[in-house]
Amino acid sequence: MNPHFVNVNEVSVVSLILGGFIVTFGLVSYFVKQRLYLSEALICLLVGIILGPYVLQIIDPYKWGNLDFITREFARIVIAIQVMAAGVALPKAYLWRELKSLAILLVPVMIWMWLTSALFIWLFIPNLSFLEALMIGSCVTPTDPVLANCVVSGRFAEKHVPNHVRHIISAESAANDGFGLPFLFLAVYLLQLSPGAAIGKWFYYIIGYQILVSIVIGFIVGYIARKLLKLAEERKLIDKEIFMTFAIVLALFIMGAVSLIGSDDLLACFIAGNSFTWDDWFRVETAESYFQDVIDLLLNLAIFVYLGTVIPWSSFNEVTLGLSYWRLIVVATLILLFRRLPIVMALLKVIPVLKTRREGIFTGWFGPIGVAAIFYAQVARENFSEADTAHTHVRDLVVPVSFFLVISSITIHGLSVPLIKIGKRVNTLTLSRNQSLELRLTRSFRRGTHTPTETCRIDDLGRQKSIISERAHTPSNMTSSAVQDDNNITIDMDLPIVPIKVENDEDISQRFSFYEEDDNIIIEDETDGKVYVISNSPSPNITPPATIQATDNNSHKSNFNLSKEQNDR
């Protein structure tokens, strides 16, 4: 009997190829991601396509068994860890602090995204009822936390995207994965039940049991885990390695426990992440550790390579399904253009966290469709058995349509990163130690070119507003002087802000970002997430918009100058 020196099996092949790709990509990852600004998701998807059964045929997941189950569970694990990571990475008490902004993005914005996606699917894909289109549209409604992480992290994001914009995109993409269930199951129940029975079951099972119960479980588990971890750390009971991986392990625990009782495990993971780091203790303690980021990156690389190998290419041009490439391209184009951007811009003034028009454009555009859409497509598919002949068509359509939209989003959003710049420039504030900031705003209005009332605002998360009128009316907490001649009214005023203390050992250049966007000046304190906004009039006659000076901690003006290092966007 001849010995077998070569043992070829699927596990060995996948391990060889995936490991070899990650090693190779890792050697040039900085150049690809930080210099070329290419999305790792796009690169991994292309690699998966090349290695998959339609090109080189090296990896063929269709031979592994129940492909729907493997895809759904793999996606679920990746999303659970991603949403937990997103929750842990947010600043102190972020959900409460930005509750209004998140509520707007999770209710009216998501409803618009759902209805718009369904409308275009219904218009261009034949033999679908609008209810069936609503079911498919619900799968691509949530923005994807995996792809969103690619947008809000890295050199481009750190250089060009303010922290408050990165935080809201990350928080929304993580939260709306859980909130995608109500849209999906409302459509599913309406297809399967009478309207009354469907609405009743949707309220008590989806809203009550799936959403509310998962929120309560997530908050309680996160709170208990935080207290236990603090206790273990104070008493020196936990080692460093377990401490650094605690959030990932907690995500797996919650995912398993909540899914066993049939509730929304993804939403529970996100809420638990926020509750776990509510006081910012864990985030600060693990700030210098990159272990969680490493695990997160490996999962991202693996999932997108996998998705590239299971793309149902043959279904994209299948006559029996009513699909063709031109139909899918039109649907994808319309959905990417109108699914999110118009509604975010329409509601921009009532979303407190978004300060400028450019921030609204960036947030509205980068609402990627990704792994979450594949997960929900598989969930939708499993809710219709093969014996349910009345809905065979929509059951066969939901996966290929969702896949094509995911491919389109990964491609377009992945190539958009180096092209989108939400501000004209970023300026880094450099101060001598033991210094504070003092803002002085000077306005000059030319008679006949301004409105009777001009608004000046400093936003310290409380949206404190001060109104300066033509008569130079000044609030009691501000000092002002007005000079009026026949042609001009000049108002000089000092606008006090909360003193910003600078510690002796603090790296100032890493703390403050100074943005000039549209007619606004934005100062962002990255240590506590506070954002200070000076809103200027769009009138070209305002000169100068603002002057910024350094003061010492005793509130006396110092001779130190404030310097700005400018980086063109």
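Position labels on residues start from 1 in each chain and follow its written sequence. Side-chain atom pairs in this predicted model are given and counted only at pLDDT of 80 or more, local residue features only at pLDDT of at least 70, and totals for whole chains, interfaces and linings cover all residues. Side-chain metrics in this entry use all non-hydrogen atoms of the structure; hydrogen atoms and water are not considered.

- Looking up the chain in an unreviewed UniProt entry gives the name Na(+)H(+) antiporter 2, with the organism given as Rhizophagus clarus.
- You can read under Sequence similarities (unreviewed entry) in the UniProt record for the chain the words "Belongs to the fungal Na(+)/H(+) exchanger family." UniProt positions are given in the numbering used here, feature names are shortened, and annotations may be inferred rather than shown by experiment.

1. Points about the environment of Thr 411
And then number 1: Here a strand is any run of E in DSSP of at least two residues, a helix any run of H or I of at least four, and the numbering for each starts at the N terminus. Tracing the sequence through the fold places Thr 411 in helix 21 (residues 392-416).
And then number 2: Along the chain, Thr 411 and Leu 42 lie 369 residues apart, while their C-alpha atoms are 6.1 Å from each other.
And then number 3: Polar contacts here mean pairs of N or O atoms no more than 3.5 Å apart (in protein, one a potential hydrogen donor and the other a potential acceptor; neighbouring residues in sequence count only if both atoms are side-chain atoms). In this structure the side chain of Thr 411 is engaged in a polar contact, spanning 2.8 Å, whose partner is the backbone oxygen of Ile 407.

2. So, unusual backbone geometry
And then number 1: Phi at Gln 57 takes a positive value of approximately 60°, unusual for a residue other than glycine.
And then number 2: With respect to the helices and strands, Gln 57 occurs in the loop between helix 2 (40-51) and helix 3 (67-89).
And then number 3: The buried label applies to any residue whose accessible area, calculated with a 1.4 Å probe on protein chains only, is under 20% of its type's maximum; exposed applies above 50%, and partly exposed to all values in between. Under the relative-accessibility criterion, Gln 57 is labelled exposed at 58%.
And then number 4: Look at Lys 236: it is not a glycine, yet its phi comes out positive at around 55°.

3. Topic: the environment of Gly 322
And then number 1: Mapping Gly 322 onto the fold places it in the loop between helix 16 (291-309) and helix 17 (325-338).
And then number 2: When the C-alpha atoms of Gly 322 and Pro 126 are compared, they prove to be 5.8 Å apart, with 196 residues separating the residues in sequence.
And then number 3: Beyond its immediate sequence surroundings of up to four residues, Gly 322 is in contact with Pro 126 and Arg 327. In this analysis, two residues are considered to be in contact whenever any of their non-hydrogen atoms come within 4.5 Å of each other.

4. A few points about the environment of Trp 114
And then number 1: Positionally, Trp 114 belongs in helix 6 (residues 108-124).
And then number 2: Residues Trp 114 and Arg 339 lie 225 residues apart in sequence; the distance between their C-alpha atoms is 7.8 Å.

5. Topic: the packing of helix 7 (residues 130-139) against helix 11 (residues 180-192)
And then number 1: Remark: helix 7 packs on helix 11, axes separated minimally by 8 Å, with the N-to-C direction vectors making an angle of 155°. As the angle between them shows, helix 7 and helix 11 are arranged roughly antiparallel. The way helix 7 lies across helix 11 gives a crossing that is left-handed. Between helix 7 and helix 11, the contacting residues are Leu 131, Glu 132, Leu 134, Met 135, Ser 138 and Cys 139 on the first element and Phe 183, Leu 184, Ala 187, Val 188, Leu 190 and Leu 191 on the second.
And then number 2: Across the contact of helix 7 with helix 11, the residue classes break down as 10 nonpolar, 1 polar and 1 charged. Lines fitted to C-alpha atoms define the axes, with helix axes restricted to the stretch in contact, and inter-axis angles between N-to-C directions lie between 0 and 180 degrees. Oblique is the label for any angle not under 35 degrees, not over 145, and not in the 65 to 115 range, which are roughly parallel, roughly antiparallel and roughly perpendicular in turn. A clockwise turn of the near helix away from the far one marks a right-handed crossing, whereas an anticlockwise turn of less than a right angle marks a left-handed crossing. Residues are sorted three ways: Asp, Glu, Lys and Arg are charged, Ala, Val, Leu, Ile, Met, Phe, Trp, Tyr, Cys and Pro are nonpolar, and all the rest, Gly among them, are polar.

6. Looking at the packing of aromatic side chains
And then number 1: Stacked, tilted and edge-to-face pairs are distinguished by plane angle, under 30 degrees for stacked and over 60 for edge-to-face with tilted covering the rest, among Phe, Tyr and Trp rings (Trp via its six-membered ring) whose centres lie within 6.5 Å. Summed over all chains, the structure comprises 19 aromatic pairs.
And then number 2: Centroid distance Phe 243 to Phe 282: 5.5 Å. Interplanar angle 50°. Geometry classified as tilted. Of the two residues, Phe 243 is situated in helix 13 (residues 240-260) and Phe 282 in helix 15 (residues 281-285); the sequence distance between them amounts to 39 residues.
And then number 3: Assessed through its relative accessible area of 5%, Phe 243 is described here as buried.
And then number 4: On the accessibility criterion, Phe 282 (0% relative accessible area) is buried.
And then number 5: Pairing Phe 316 with Phe 404 gives two aromatic rings, centres 5.3 Å apart and planes at 85°, and the pair type is edge-to-face.

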